[in-house]
Each structure stands twice: as structure tokens, then as C-alpha cells.
Amino acid sequence: MILAVVFGLVIGSFLNVVIARVPAHKSLWKPGSSCPGCDAAIVWHDNVPLLSFAALRGRCRRCGITIPWRYPIVEATTAALFGLAHWQFGATPEFVSAALLVSLLVAITGIDLQHQIIPDVISLPGIVAGFIASLATARVSWMESALGIMVGGGTFLVIILASGGGMGGGDMKLGAMLGAFLGWKVVLLTIFIAVVLGGALAVALIASGLRGRKDPIPFGPFLAAGGAVSLFWGERMVRWYLDGFAA
Ligand SMILES: [Zn+2]
């Protein structure tokens, strides 16, 4: 469990690089991290997940520029999700599949919140990875995974065609990716959770005057949240729902 959390911190640190560089079309590997304020290279002991942010009190050692809260939040969230995955699945292939999915979801959420885009370079390989993960773990059969891609993507295709905007192609590819990992039944639950969460927050934001009726609210983070909930509890929720109606 501790190993899973530490592994999550390290991956979370890498996901911060993904969130900062993928939208700018920069390499993930070169050059090493540097301060956006003074360009100084960040030495390893200033790059330790969570601890360095706390030790530096969120500021660059040289120029004092503020380090965004996004960095520790992404690291802590990834670590918590990895811990949860280990608690649910133990040291199994399912853990690897779950860790991969939550990593993709954290990166997509960070990028969608900042740029209102879901990059194809993450979601499209994510669809393939989800299908392979389903083959490898047998938690979801290959048929359920293939149907999941069609149902997850298709639901958004219908929404896009029916609404003429509002939802983007990025949401459709993310839906397909979630379907590949979770299967067609659980991905329907994911979309349902996302719509409820997104709708509730939209109503709250508009009612409180923080957002206007026409301001765009990215849907990716809600899908990602729905995906994480479904990953851990979806099968049980679907079974409970079906049993309830069969009884
Ligand atoms: Zn600096």
C-alpha cells in the first residue's frame, strides 16, 4: 500500500510535466524541468513530490515566483487514487490497469481545466490501451470492451449531432477510452454520474453568479470523476441496480 502511494506520487509528478507540456506540443523528456520565472534548472531535491512544495512554501528558490497549487494537488490526487486502486485490487494486473486509467484521467482533467481541450495524443492511445488492458486482465471481456468503445463514443456522437455543439469531439474520444477500460455497462453509469455532477455544478455556478449561462464549463473533468467512481464501485452499482429491477 505504501509502495503504491509512493509510486502514485512519482507518477503524479510526471503527470504535472504531461499537463504542462502536451498542450504546448513540447517533449516530455527533454529538457529537464526548469522554473518558468527564471529558467533555472530545478535540482532533484527541489523536485520531490509534495515535500519540495512544502519546503519551498510554493515558491521558486531563486526568483520567488509562485509555484501553482496544481503541482501538489495533482501529486496528492494521483497518490490517493493509486492507494485506492491497491486497496481495491491488491497487487494484481487489475491494479496496473486501474493505475493506468487514473493516470490518463488525471492528465486529461488537468489539461481540460486549463485549456478546454482533451488532446488526441492522450485519448486515442488511451482507447487502445484500455482495450489491451481489458484483454490482459479479463475483468472486462474483449467483447464488452469493444462494445464499450462504441457505446462510450457513440453516446457523445449522438449528443453532438443532436445539440449542434456544446460537447466536443474530445469528450467523445474520452467516452470511447472509458468504455474500452470499463466495458459498455459501466461506461453508461460513468456518463450518468458525469451528467449529474456536471449539471449540479453548472446550476450552482450559474445560481451563485460565478458563471453566466453562456460560459463554457469543460465536461472532461466530470467524465474523469465519473470514470474514477465507476472504476472502483461501478460493477457493484450496476449489479445492485439490475438486481433491484429483477427482484
Ligand atoms: Zn525561478
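Reading the values: rules and limits
- Residues numbered from 1 in each chain as written.
- Predicted model: local features only at pLDDT ≥ 70, side-chain atom pairs only at ≥ 80, totals over all residues.
- Heavy atoms only, no water.
- Helix = DSSP H or I, 4+ residues; strand = E, 2+ residues; numbered from the N terminus.
- Buried < 20%, exposed > 50% of the residue type's maximum accessible area, 1.4 Å probe, protein only.
- Expected span 1.5 Å × (residues − 1).
- Contact = heavy atoms within 4.5 Å.
- Donors = N, O, S within 2.8 Å, 3.2 Å for Na, K, Ca; no water.
- Tetrahedral: all angles 85-135°; square planar, octahedral: opposite > 155°, others 65-115°.
- Phe/Tyr/Trp six-rings, centres within 6.5 Å; stacked < 30°, edge-to-face > 60°.
- Lys NZ or Arg CZ within 6 Å of the ring centre and 35° of its normal.
- Axes fitted to C-alpha atoms, helices over the stretch in contact; angles between N-to-C directions.
- Left-handed = near helix turned anticlockwise from the far one by under 90°.
- Nonpolar A, V, L, I, M, F, W, Y, C, P; charged D, E, K, R; others polar.
- Core = buried A, V, L, I, M, F, W, Y, C linked by side-chain atoms within 4.5 Å.

1. Here's the deal with unusual backbone geometry
Residues apart from glycine generally show negative phi values, whereas peptide bonds are mostly found in trans. Residue Lys 30 is joined to Pro 31 through a cis peptide bond whose omega torsion reads -10 degrees. A positive phi angle, near 55 degrees, is found at His 25, a position not held by glycine. Note that His 25 resides in the loop between helix H1 (2–21) and helix H2 (51–55). Since its relative accessible area comes to 75%, His 25 is described here as exposed.

2. Notes on helix H5 (residues 120–137)
Counted at 1.5 Å a residue, the expected span for H5 with its 18 residues is 26 Å, and the 25 Å between its end C-alpha atoms agrees. For H5, the full list of buried residues reads Ile 122, Ser 123, Gly 126, Ile 127, Gly 130, Ala 133, Ser 134 and Thr 137. The inward-facing, buried residues of H5 contact H1, helix H4 (93–115), helix H6 (142–163) and helix H7 (169–207). Where H5 terminates, the next one or two residues include Ala 138, which has phi positive at roughly 65 degrees.

3. Observations concerning the coordination of the zinc ion
Within the protein, Cys 35 (SG), Cys 38 (SG), Cys 60 (SG) and Cys 63 (SG) serve as the donor atoms for the zinc ion, at 2.2 to 2.4 Å. In this structure, the zinc ion is coordinated by 4 donor atoms arranged in tetrahedral fashion, with angles at the metal of 107 to 111 degrees. Read in sequence order, the donor residues for the zinc ion give the motif C-x2-C-x21-C-x2-C. On the basis of relative accessible area, Cys 60 is assigned to the buried category, the value being 14%.

4. What to know about the packing of aromatic side chains
The description of two aromatic rings rests on the distance between their centres and on the angle between their planes. This model, assessed by the stated rule, comprises 8 aromatic pairs. Summarising the aromatic geometry, the rings of Phe 82 and Phe 95 are spaced 6.2 Å apart at their centres and angled 90 degrees between planes, so their arrangement reads as edge-to-face. Of this pair, Phe 82 sits in helix H3 (residues 70–89) while Phe 95 sits in helix H4, placing them 13 residues apart in sequence. The buried category is assigned to Phe 95, whose relative accessible area is 11%. Taking 5.7 Å as the distance between ring centres and 65 degrees as the angle between the ring planes, the aromatic pair formed by Phe 232 and Trp 233 counts as edge-to-face. In this structure, Arg 70 is placed above the aromatic ring of Tyr 71, and the distance from its NZ or CZ to the ring centre is 4.5 Å.

5. A word on the packing of H1 against H4
Two numbers describe how H1 lies on H4: the axes approach to 10 Å, and their chain directions differ by 35 degrees. Between H1 and H4 the crossing geometry is right-handed. Within the contact between the two elements, H1 uses Ala 4, Ile 11, Leu 15, Val 18 and Ile 19 and H4 uses Phe 95, Ser 103, Val 106, Ala 107, Gly 110, Ile 111 and Gln 114. Partitioned by chemical class, the residues of the contact of H1 with H4 number 9 nonpolar, 3 polar and no charged.

6. What about the nonpolar core?
Counting residues in hydrophobic clusters, the biggest one holds 46 residues, and the most contacted among them are Leu 101, Ile 122, Leu 174, Met 177, Leu 178, Leu 223 and Leu 231. Elements supplying a minimum of two residues to this core: H1, H3, H4, H5, H7 and helix H8 (220–246). The element contributing the most residues to this core is H7, with 13 residues. For Leu 174, the residues in contact, after removing those within four places along its chain, are Leu 105, Ile 108, Ile 118, Ser 123, Gly 220 and Leu 223.

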